[in-house]
Amino acid sequence: MIIGLTRVMTFIPPANRNEISFSPARRNLMSGAAALVLTALAGCGSLPRHGPGGGASTASRQTMDGIRTAEGLALVSPDHQLEQAALQQAQYMAASGRMNHTTGFGKDFQARVKSNGIRGAAAENIAEGRMDAARAIDMWMNSPPHRRNMLDGRFRRFGLAWATRPERPEWRYWAMILAS
């Protein structure tokens, strides 16, 4: 759908019969249409990793320890493998500009966990917004399904990561993966 463009039908006859020439307005219209097509096609291929991001597992260990201790549960340890899988998901969400457990390639959480070599029980929490790790964890603790994941007694490891879009660095996409 093209919004706000004026339809221009001006055609300037070419000086040479083998050459086609368009008015500047027509060229702008064609350039805009080409940009829209390229944008749509970009969503079909692989999405690049966007913007800065990183792991937050080690920095969040105390918060997670406090949550699990308060519930009488065994502690969860930061895990590099899980953090990398969480970073992969956070970067996918940042690249697509939306929060979703399933990637644009049709890979759901189970497929991603398996492809990252994670075995056993696992769960994922995701979030987006202007927040740090402590705020993301607090939001999850106040959401029954996310809280259930964080308090699942089967889990002994976790990975937490975030990513941003270059044009909106204050907006973070968060992913936490917990596993046995």
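In what follows, the accompanying structure is described. Since this is a predicted model, take the numbers as computed values, not measurements.

1. Describing the environment of isoleucine 137
- For isoleucine 137, the location among the structural elements is in helix H5 (residues 133-141).
- For the pair isoleucine 137 and isoleucine 126, spaced eleven residues apart in the sequence, the C-alpha separation amounts to 9.9 Å.

2. Some words on helix H3 (residues 80-96)
- Here H3 contains 17 residues, and its C-alpha end-to-end distance of 24 Å stays within 8% of the 24 Å for a straight helix at 1.5 Å per residue.
- Counting buried positions along H3 yields twelve of 17 residues, so the element is predominantly enclosed.
- Along H3, the residues that are buried comprise Leu82, Glu83, Ala85, Ala86, Leu87, Gln89, Ala90, Gln91, Tyr92, Met93, Ala94 and Ala95.
- For H3, the elements touching its buried residues are strand E3 (53-55), helix H4 (109-115), strand E5 (122-129), strand E6 (157-165) and strand E7 (168-179).

3. Some words on the side chain of aspartate 65
- The topology assignment puts aspartate 65 in helix H2 (residues 61-70).
- Although aspartate 65 is buried, it makes no salt bridge; arginine 61 carries the closest opposite charge, 4.0 Å away.
- Look past the residues within four positions of aspartate 65 in its chain and what remains in contact with it is Leu75 and Val76.

4. Quick look at the pattern of salt bridges
- Applying the stated criterion across every chain, the model contains eight salt bridges.
- Aspartate 79 is paired through a salt bridge with arginine 157; the nearest N and O atoms lie 3.1 Å apart. Taken together, the residues aspartate 79 in the loop between strand E4 (77-78) and H3 and arginine 157 in strand E6 connect sequence positions 78 residues apart. Each member of the pair aspartate 79 and arginine 157 is classed as buried.
- The salt bridge partner of arginine 135 is aspartate 138, with a shortest N-O separation of 3.3 Å.

5. Thoughts on the packing of aromatic side chains
- Per the stated rule, a full pass over the model turns up zero aromatic pairs.
- Its guanidinium or amino end placed over the ring of tryptophan 171, arginine 168 lies 4.1 Å from that ring's centre, counting from NZ or CZ.
- In this structure, arginine 172 is placed above the aromatic ring of tryptophan 162, and the distance from its NZ or CZ to the ring centre is 3.8 Å.

6. Some details on the pairing of E5
- With six of eight residues buried, E5 lies mostly within the body of the structure.
- Judged from the eight bridges that link them, E5 and E7 form a sheet pairing that is antiparallel. Looking across to E7, one finds that asparagine 125 is bridged to methionine 176.

7. Comments concerning the pairing of E6
- A large share of E6 lies buried, amounting to eight of its nine residues.
- Direction of pairing for E3 relative to E6: antiparallel, over a ladder of three bridges. Bridging across to E6, glycine 55 finds its partner in alanine 161.
- Pairing of E4 with E6, which is carried by two bridges, proceeds in the parallel orientation. Note on E6: the bridge partner recorded for serine 77 is arginine 157.
- In textbook terms, the turn of a hairpin is the stretch between consecutive antiparallel strands, and for E6 and E7 this stretch comprises two residues.

Rules used in this analysis
- Residue indices follow the written sequence of each chain, beginning from 1 at its first position.
- It should be noted that, the model being predicted, local features are given only for residues of pLDDT at least 70 and side-chain atom pairs only at 80 or more, the latter also being counted only at that level, while totals for whole chains, interfaces and linings use all residues.
- Computation of side-chain values: all heavy atoms of the structure, hydrogens and water removed.
- Secondary structure elements are defined from DSSP: runs of H or I of at least 4 residues count as helices, runs of E of at least 2 residues count as strands, and each element is numbered from the N terminus.
- Take the residue count of a helix, subtract one, and multiply by 1.5 Å to get its expected span.
- Each residue's exposure class comes from its accessible area (1.4 Å probe, protein chains only) as a fraction of the maximum for that residue type: buried when under 20%, exposed when over 50%, partly exposed otherwise.
- Here a residue-residue contact requires only that any non-hydrogen atoms of the pair lie within 4.5 Å.
- Counted as positive: Lys and Arg. Counted as negative: Asp and Glu, with His and the chain ends omitted from the count.
- In what follows, salt bridge is the name for a side-chain nitrogen of Lys or Arg lying within 4 Å of a carboxyl oxygen of Asp or Glu.
- Aromatic rings from Phe, Tyr and Trp, taking only the six-membered ring of Trp, are treated as a pair when their centres fall within 6.5 Å; an angle between ring planes under 30 degrees marks them as stacked, one over 60 as edge-to-face, and anything in between as tilted.
- Each ring is checked for a lysine NZ or an arginine CZ that lies within 6 Å of its centre and within 35 degrees of its normal; such an atom marks a charge sitting over the ring.
- For two strands to count as paired, DSSP must find a minimum of two bridges between them.

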